[in-house]
Amino acid sequence: AQKVTQAQTEISVVEKEDVTLDCVYETRDTTYYLFWYKQPPSGELVFLIRRNSFDEQNEISGRYSWNFQKSTSSFNFTITASQVVDSAVYFCALSGRNSGYALNFGKGTSLLVTP
Amino acid sequence: EAQVTQNPRYLITVTGKKLTVTCSQNMNHEYMSWYRQDPGLGLRQIYYSMNVEVTDKGDVPEGYKVSRKEKRNFPLILESPSPNQTSLYFCASSFWGANTGELFFGEGSRLTVL
């Protein structure tokens, strides 16, 4: 069975603060893929990143960075110098070789960035 | 423009009245899928299709049907909707499945069953 846990239901920060969204996963697959999606207030789902289980290198894209640690089964997402436009619900998701081509989503973390 | 198009975007209906939510993609993707999103539960997969005439159940298939007669279309059918199917529905597509790359999502269809 696969499971994604996003323990933080809601986070509120003030603009320019750094914020980390936690994601912990469970899987029996040796080959699997991890994703982050953003859902802004307008409702659409926006793909942010995909990482496979063999690549533990951290990734940085502008103000966004991701820390993948297999030892702790975590794939955390950090926003540096947050902005109001970062306010959204963020979903971590997992897809494994034995998951039937499904993305298993966490329940999401709602991030509110205030001016 | 590459996109996944869902219709209707908003629908209010009554219990038992059959309805279909259409989904169409213009990217020649083999894989298509339906998810529902409910508060506190995240997104859960309803059905998916690996190719034409190939469909399979996801985590929450009860009360839904799908068909994949053409590559570009993957309609979601609620034969006899019930209030517990009130939800936000997303259609998604990709080339080979969720594993292999980005899932492209439609804009969502908000369904209310009275």
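Residues numbered from 1 in each chain as written. Chains lettered and ligands numbered in written order. Predicted model: local features only at pLDDT ≥ 70, side-chain atom pairs only at ≥ 80, totals over all residues. Heavy atoms only, no water.

## So, the state of the cysteines
- In the structure shown here, the tally under the stated rule is two disulfides over all chains.
- Sulfur-sulfur distance for the disulfide between cysteine 23 of chain A and cysteine 92 of chain A comes to 1.9 Å. What sets the handedness of the cysteine 23 of chain A and cysteine 92 of chain A disulfide is the S-S torsion sign, and at about -65° it is left-handed. Of this pair, cysteine 23 of chain A sits in the loop between strand S3 (19-21) and strand S4 (24-26) while cysteine 92 of chain A sits in strand S10 (residues 88-96), placing them 69 residues apart in sequence.
- Between the sulfur atoms of cysteine 23 of chain B and its disulfide mate cysteine 91 of chain B the distance is 1.9 Å. Around the S-S axis, the bridge from cysteine 23 of chain B to cysteine 91 of chain B shows a dihedral of about -75° and counts as left-handed. Remark: cysteine 91 of chain B occurs in strand S9 (residues 87-94) and cysteine 23 of chain B occurs in strand S3 (residues 19-25); sequence separation between them is 68 residues. Accessibility assignment for this pair places cysteine 23 of chain B and cysteine 91 of chain B in one class, buried. (Disulfide = S-S within 2.5 Å. Helix = DSSP H or I, 4+ residues; strand = E, 2+ residues; numbered from the N terminus. Buried < 20%, exposed > 50% of the residue type's maximum accessible area, 1.4 Å probe, protein only.)

## Digging into the confidence of the model for chain B
- Chain-level statistics for chain B give a pLDDT mean of 92 and a share of 95% at 70 or above.
- Per-element mean pLDDT across chain B ranges from 90 in strand S10 (residues 104-105) of chain B up to 98 in strand S8 (residues 76-78) of chain B. (pLDDT = per-residue confidence, 0-100.)

## Re the sheet that holds S3 of chain B
- Reading across the sheet, the four strands line up as S1-S3-S8-S7 (chain B) and stay open at both edges, with antiparallel pairing between neighbours. Of all the strands in the sheet, just strand S1 (4-7) and strand S7 (65-66) of chain B have a single pairing partner and so form its edges. (Pairing = 2+ DSSP bridges.)

## Re the side chain of aspartate 86 of chain A
Residues and elements named next belong to chain A.
- Summarising the element assignment, aspartate 86 is placed in the loop between strand S9 (74-79) and S10.
- The exposure class of aspartate 86 is buried, given its relative accessible area of 1%.
- One polar contact links aspartate 86 to tyrosine 64, side chain to side chain, over a distance of 3.4 Å.
- Within polar-contact distance, the side chain of aspartate 86 engages the backbone nitrogen of glutamine 83 at 2.8 Å.
- Beyond its immediate sequence surroundings of up to four residues, aspartate 86 is in contact with Lys38, Arg63, Tyr64, Ile79, Leu111 and Val113. (Polar contact = N/O pair within 3.5 Å; in protein donor to acceptor, adjacent residues only side chain to side chain. Contact = heavy atoms within 4.5 Å.)

## Thoughts on a nonpolar patch on the surface
- A contiguous nonpolar patch, built from Ile12, Val14 and Leu114 of chain B and spanning about 320 Å² of accessible area, is present on the exposed surface.
- Judged by its relative accessible area of 62%, isoleucine 12 of chain B is exposed. (Patch = residues over 30% accessible without salt bridge, like charges linked within 9 Å, V, L, I, M, F, W, Y side chains within 5 Å. Areas by Shrake-Rupley, 256 points an atom, 1.4 Å probe, with all protein chains shown as cover. Salt bridge = Lys/Arg side-chain N within 4 Å of Asp/Glu carboxyl O.)

## Re the nonpolar core
- Judged by nonpolar contacts, the single largest core of 23 residues is most densely connected at Trp36, Phe77, Tyr90 and Leu111 of chain A.
- Within the residue set of this core, elements represented by two or more residues are strand S2 (10-14), S3, strand S5 (32-39), strand S8 (64-69), S9, S10 and strand S12 (109-114) of chain A.
- If we ignore the near neighbours within four places in the chain, the residues touching tyrosine 90 of chain A are Gln6, Leu21, Trp36, Tyr37, Lys38, Leu48, Tyr64, Phe77, Ile79, Gly108, Thr109 and Leu111 of chain A.
- Membership of the second largest hydrophobic core comes to 19 residues, among which are Trp34, Phe74, Leu78 and Val113 of chain B. (Core = buried A, V, L, I, M, F, W, Y, C linked by side-chain atoms within 4.5 Å.)

## Describing the packing of aromatic side chains
Residues and elements named next belong to chain A.
- One pass over the structure, following the stated rule, counts 19 aromatic pairs over all chains.
- Between the aromatic rings of tryptophan 36 and phenylalanine 77, the centroid separation amounts to 5.3 Å while the plane-to-plane angle is 50°, which identifies the pairing as tilted. In this pair, tryptophan 36 is assigned in strand S5 and phenylalanine 77 in strand S9, connecting sequence segments 41 residues apart. Grouping residues by exposure puts tryptophan 36 and phenylalanine 77 together as buried. (Phe/Tyr/Trp six-rings, centres within 6.5 Å; stacked < 30°, edge-to-face > 60°.)

## Some thoughts on the pairing of S2 of chain A
Residues and elements named next belong to chain A.
- Here S2 shows one buried face, formed by Ile11 and Val13, and one open face, formed by Glu10, Ser12 and Val14.
- With five bridges joining them, S2 and S12 adopt parallel strand pairing. The residue of S12 that forms the bridge with glutamate 10 is serine 110.

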